Structure formats: C-alpha cells, structure tokens
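Fold and geometry: a report
So you can see what is in the structure, the chains are spelled out below.
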Amino acid sequence: MSERDRSACHDEARWEPVIDRNRCEAKADCVAVCPYDVFAIERLRPEDKAALRGLGRVKAFFHGYQQAYAVRADACHGCGLCVKACPEKAIKLRARTPG
Ligand code: SF4
C-alpha cells in the first residue's frame, strides 16, 4: 500500500479512471498522485496505437509510445486527484459497471 495521502479518498471503490489516448503524454503525474497505485506507465498497446488520431499519433511518437494505464483500476476510490493532476486533461472518472 502506498504511503501517500489517502485522506481525500473517502468514496467506495466504485469508480474507475478512463485515459484519453489522444491526450496522454506519459508525464506520470497520475502515477505520483494516486494514493492507491492505480496507474503505471507502459508501452502503448497495439490496439490503442491503432486507434490514435492525427495529433495523438504525433504525441505518441515523440513520447516513445509510452502512456499511462490504469493497471489497478479496481483499486480506484474516486478521489479525483489524478483528474486534477494530469497536465494534459487526459483522465476522466466513470462509474464502474457492477459485476
Ligand atoms: S480517482 Fe484517480 S487518484 Fe483517486 S484513487 Fe482513483 S485513480 Fe487514484
């Protein structure tokens, strides 16, 4: 478990972050700020790379095809710290589908 501040995370774990692949530049602010270690910077997956649009493709190339992934999305507590921290405004939260 992370030693980072979890005081802002008071909601139940029923949210998950969604990352806009055309905006993410792998700056890792989300990795640093998330109290539950939801994010990791990884190589852009082939299906995500194939779905990029014009400027998104250029960004991905210049950032070595690295992007943030919510590798532990089920640990999200919906605090919104990642949404605020992302300099590219690439992260939104959505309600998790039950089940
Ligand atoms: S909202 Fe973002 S920072 Fe907060 S727990 Fe979920 S993924 Fe982590």
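In this report, the structure presented in the accompanying data block is examined. Nothing here was measured: the structure is a model prediction, and the numbers come from that model.

1. What to know about the overall build of the protein
A count of helical and extended segments in the protein gives four helices and four strands. Listed by position from the N terminus, the elements making up the protein come as β-α-β-α-α-β-α-β. Out of the 99 residues belonging to the protein, those deemed buried represent 22%. Relative to all contacts within the protein whose residues are 6 or more apart in sequence, the contacts with residues 24 or more apart total 83%.

2. Things to note about the site of the ligand
Around the ligand, the structure places 15 residues, and the nearest of them are Cys-34, Val-38, Cys-76, Cys-79 and Cys-82. Residues of the shell around the ligand, tallied by class, amount to 12 nonpolar, three polar and no charged.

3. Considering the environment of Ala-60
Residue placement: Ala-60 occurs in helix α3 (residues 54–62). Note: C-alpha distance between Ala-60 and Arg-21 (39 residues apart in sequence) is 8.7 Å. Leaving out residues up to four positions away in the same chain, Ala-60 has contacts with Leu-44, Lys-49, Leu-52 and Tyr-65.

4. Observations concerning the nonpolar core
One finds Cys-30, Cys-34, Phe-39, Ala-68, Cys-82 and Ile-91 to be the most contacted residues of the largest nonpolar core, which totals 17 residues. Counting residues per element, the ones that place at least two in this core are β3 (66–70) and α4 (81–85). With near-sequence residues (within four places) excluded, Ile-91 lies in contact with Pro-17, Ile-19, Cys-30, Cys-82, Val-83 and Cys-86.

5. What about unusual backbone geometry?
Even without a glycine there, the phi angle at Tyr-65 is positive, about 55°. With respect to the element layout, Tyr-65 can be found in the loop between α3 and β3. With 16 C-beta atoms packed within 10 Å, Tyr-65 lands in the partly exposed category. Even without a glycine there, the phi angle at Lys-89 is positive, about 50°. Relative to the helices and strands, Lys-89 resides in the loop between α4 and β4 (91–95). Residue Lys-89 is classed as exposed on the basis of its C-beta count, with 10 C-beta atoms lying within 10 Å.

Each value, and the rule that gives it
- Residues numbered from 1 in each chain as written.
- Predicted model: local features only at pLDDT ≥ 70, side-chain atom pairs only at ≥ 80, totals over all residues.
- Helix = DSSP H or I, 4+ residues; strand = E, 2+ residues; numbered from the N terminus.
- Buried ≥ 20, exposed ≤ 12 C-beta atoms within 10 Å, placed from the backbone.
- Contact = placed C-beta atoms within 7 Å.
- Near = placed C-beta within 6 Å.
- Nonpolar A, V, L, I, M, F, W, Y, C, P; charged D, E, K, R; others polar.
- Core = buried A, V, L, I, M, F, W, Y, C linked by C-beta atoms within 7 Å.

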